[in-house]
Amino acid sequence: MTDWTSLHGDSFAGSRAMVTGAGGFIGSHIAEALVKLGARVIALDDLSGGERDNVDVAAASSPGSVEFVEASVLDESVVRRAMGGCRYVFHQAALPSVPRSIEIPRQFHEVNVTGTQALLDLAVESGVERVMFAASSSAYGDSETLPKIETMPALPKSPYAANKLAGEHLMRAYASCFDIDTVSLRYFNIFGPRQNANSVYSGVIAIFAKMLLAGEAPTIYGDGEQSRDFTFVDNAVHANLLAAASTTPIDGEVINVACGVRITVNELVETMARLMDRSDIQPVYRPDRAGDVKHSLADMARASNLLGYTPIVDFATGMDATVAWYRQALGAVG
Ligand code: UD1
């Protein structure tokens, strides 16, 4: 729905960019925008969580401009070959989910931290100009103050949060030691079309969409008064493109990417039920989830100052588009 050309002109025309995790939710949206802007995209994914279909959707406007490479970020020789000539790397590949990271922390470290470092080494070797890293708002943990400002100390509460924080530190260190620029974009609960709804580890909006469409009661962990700065995916894409196109070095800075509005899980379920004509369905309450952060809300000043970022799609508009997409994609379920 976003007109990327009116926002980013020809900044990417003819440039070569790698998107890791391009079969995943956010990666496929970045790849799609880059294709529309005339870039040649190397779409890397090991399909452990991502889907080939997402790469095809991303490539739809210009199929010849996407090269799909099925490999893990840890697969050094394949990634080295694929990265040749790339000016940008959008590093989205990761094992996601706070609760799953508590079950298999070592695997999370391997992919999310070792994988990130391996990618950075190859990016330096390949002469990549800038790496955009998918960092996470989970790094803030439960610090009392809201909104969360990038200068606050990080207090990771889960292996996932610690992994993403380690990735940020690597980004900064590599920008300082090597001839490469990097940036860590701290995503705040990104949602939108193509977010996987088929796992207990999926994001809450995807899970609620699936449950409500199936006529089932969503589960709320805790009292539902926890809140998140839910951010429509096009905002994350926009921040990535602004960062890549920056004419000045970003030097490994950490930058919040969000909308700056806080919504509780109770409000979320109510809104979604209404949009899906299922206000008759009442959620079921269960105990708090381990590793969960209570409140999350971004301060947006640094994103605005360093990137010129302001949100391009607000929560309500994004939610309409998302509900419409799940209705179509999962309609058969309900
Ligand atoms: C966290 C990060 C986010 C990251 C994501 C990766 C924070 C603030 N955010 O998201 O940046 O991208 O991990 O996985 O740490 N919930 C329910 N019922 C459900 C599912 C979830 O009530 O069926 C609740 C959770 O308990 C949580 C909220 O919804 O309070 C959001 O959960 P989820 O979508 O899993 O994301 P976070 O863990 O907040």
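Everything below is about the structure printed above this text.
Residues numbered from 1 in each chain as written. Predicted model: local features only at pLDDT ≥ 70, side-chain atom pairs only at ≥ 80, totals over all residues. Heavy atoms only, no water.

S.K.: Go over the pattern of salt bridges with me, naming the residues and quoting the values.
M.R.: Evaluated as defined, the whole model comprises 17 salt bridges. For the salt bridge of D223 with K294, the shortest nitrogen-to-oxygen distance reads 3.2 Å. A residue pair is termed long-range when its members are at least 10 positions apart, and D223 in the loop between β8 (219-221) and β9 (227-228) and K294 in the loop between β13 (284-286) and α11 (301-307) qualify at 71 residues. When its relative accessible area of 43% is taken as the criterion, D223 is described as partly exposed. With relative accessibility at 36%, the residue K294 sits in the partly exposed group. The shortest N-O distance in the salt bridge between R228 and D292 comes to 3.9 Å. Placement of the pair is R228 in strand β9 and D292 in the loop between β13 and α11, with a sequence separation of 64 residues. As far as burial versus exposure is concerned, R228 and D292 are alike and both buried. Through salt bridges with shared partners, one network takes in E32, K36 and R194. (Salt bridge = Lys/Arg side-chain N within 4 Å of Asp/Glu carboxyl O. Helix = DSSP H or I, 4+ residues; strand = E, 2+ residues; numbered from the N terminus. Buried < 20%, exposed > 50% of the residue type's maximum accessible area, 1.4 Å probe, protein only.)

S.K.: Pulling in residues and values, what's your account of the pairing of strand β4 (residues 88-91)?
M.R.: Within a regular strand, the side chains alternate between the two sheet faces. Neither face of β4 is exposed, since Y88 and F90 on one face and V89 and H91 on the opposite face are all buried. Sheet topology note: the strand β1 (residues 16-20)/β4 ladder contains four bridges and is parallel. Across the sheet, residue T20 finds its bridge partner in β4, namely H91. Pairing geometry for β4 and strand β5 (residues 130-136), over four bridges, is parallel. Bridge assignment links Y88 to a residue of β5, and that residue is R130. (Pairing = 2+ DSSP bridges.)

S.K.: Any chance you could break down the packing of helix α8 (residues 204-213) against helix α12 (residues 315-330) for me, citing the residues and the numbers?
M.R.: Where α8 contacts α12, the axes come no closer than 10 Å and their chain directions differ by 50°. Judged by the inter-axis angle, α8 sits oblique to α12. α8 and α12 meet at a crossing whose hand is right-handed. Facing α8, whose interface residues are I205, A206, A209, K210 and L213, α12 presents M319, T322, Y326, R327 and L330. Within the contact of α8 with α12, the residues separate by chemical class into seven nonpolar, one polar and two charged. (Axes fitted to C-alpha atoms, helices over the stretch in contact; angles between N-to-C directions. Parallel < 35°, antiparallel > 145°, perpendicular 65-115°, else oblique. Left-handed = near helix turned anticlockwise from the far one by under 90°. Contact = heavy atoms within 4.5 Å. Nonpolar A, V, L, I, M, F, W, Y, C, P; charged D, E, K, R; others polar.)

S.K.: Describe in detail the site of the ligand, supporting the description with residues and values.
M.R.: Near the ligand lie 21 residues; those nearest to it are S137, V204, T219, R228 and D292. In the environment of the ligand, an oxygen atom lies 2.9 Å from a nitrogen or oxygen atom belonging to the side chain of S137. With respect to the ligand, the side chain of Q226 contributes an N or O atom lying 3.1 Å from an oxygen atom. Considering the ligand on its own, with 750 Å² of exposed area, one finds that the protein chains cover 91% of that surface. Looking at the shell around the ligand, the elements that each hand over two or more residues are α8 and β8. When its residues are assigned to classes, the shell around the ligand shows nine nonpolar, nine polar and three charged. (Near = heavy atom within 4 Å. Polar contact = N/O pair within 3.5 Å; in protein donor to acceptor, adjacent residues only side chain to side chain. Areas by Shrake-Rupley, 256 points an atom, 1.4 Å probe, with all protein chains shown as cover.)

S.K.: Give me the packing of helix α2 (residues 25-36) against helix α9 (residues 233-245): which residues, what numbers.
M.R.: It is the contact of α2 with α9, at a shortest axis distance of 9 Å, that shows an interaxial angle of 60°. Accordingly, the angle class assigned to the pair α2 and α9 is oblique. For the crossing formed where α2 meets α9, the hand is right-handed. Here α2 contributes F25, I26, H29, I30, A33 and L34 to the contact with α9, which in turn contributes V233, D234, V237, N240 and L241.

S.K.: I'd love a proper account of the packing of aromatic side chains, names of residues and values included.
M.R.: This model, assessed by the stated rule, comprises eight aromatic pairs. Where F230 meets F315, the ring centres are 6.4 Å apart and the plane angle is 40°; that geometry is what we call tilted. Of the two residues, F230 is situated in the loop between β9 and β10 (231-232) and F315 in helix α12; the sequence distance between them amounts to 85 residues. Of the residues examined, F230 reaches a relative accessible area of 2% and is grouped as buried. Taken together, the ring pairs connect F191, F230, F232 and F315 into an aromatic cluster. Its end group placed over the ring of Y201, R100 keeps NZ or CZ at 5.9 Å from the ring centre. Just above the ring of Y140 sits the side chain of R186; from NZ or CZ to the centre is 4.5 Å. (Phe/Tyr/Trp six-rings, centres within 6.5 Å; stacked < 30°, edge-to-face > 60°. Lys NZ or Arg CZ within 6 Å of the ring centre and 35° of its normal.)

S.K.: Any details on the pairing of strand β11 (residues 254-257)? Residues and values, ideally.
M.R.: Across the two faces of β11 the burial is the same, with V254 and N256 and I255 and V257 all buried. Pairing geometry for strand β6 (residues 181-187) and β11, over four bridges, is parallel. Residue pairing for β11: R186 is matched across the bridge by N256.

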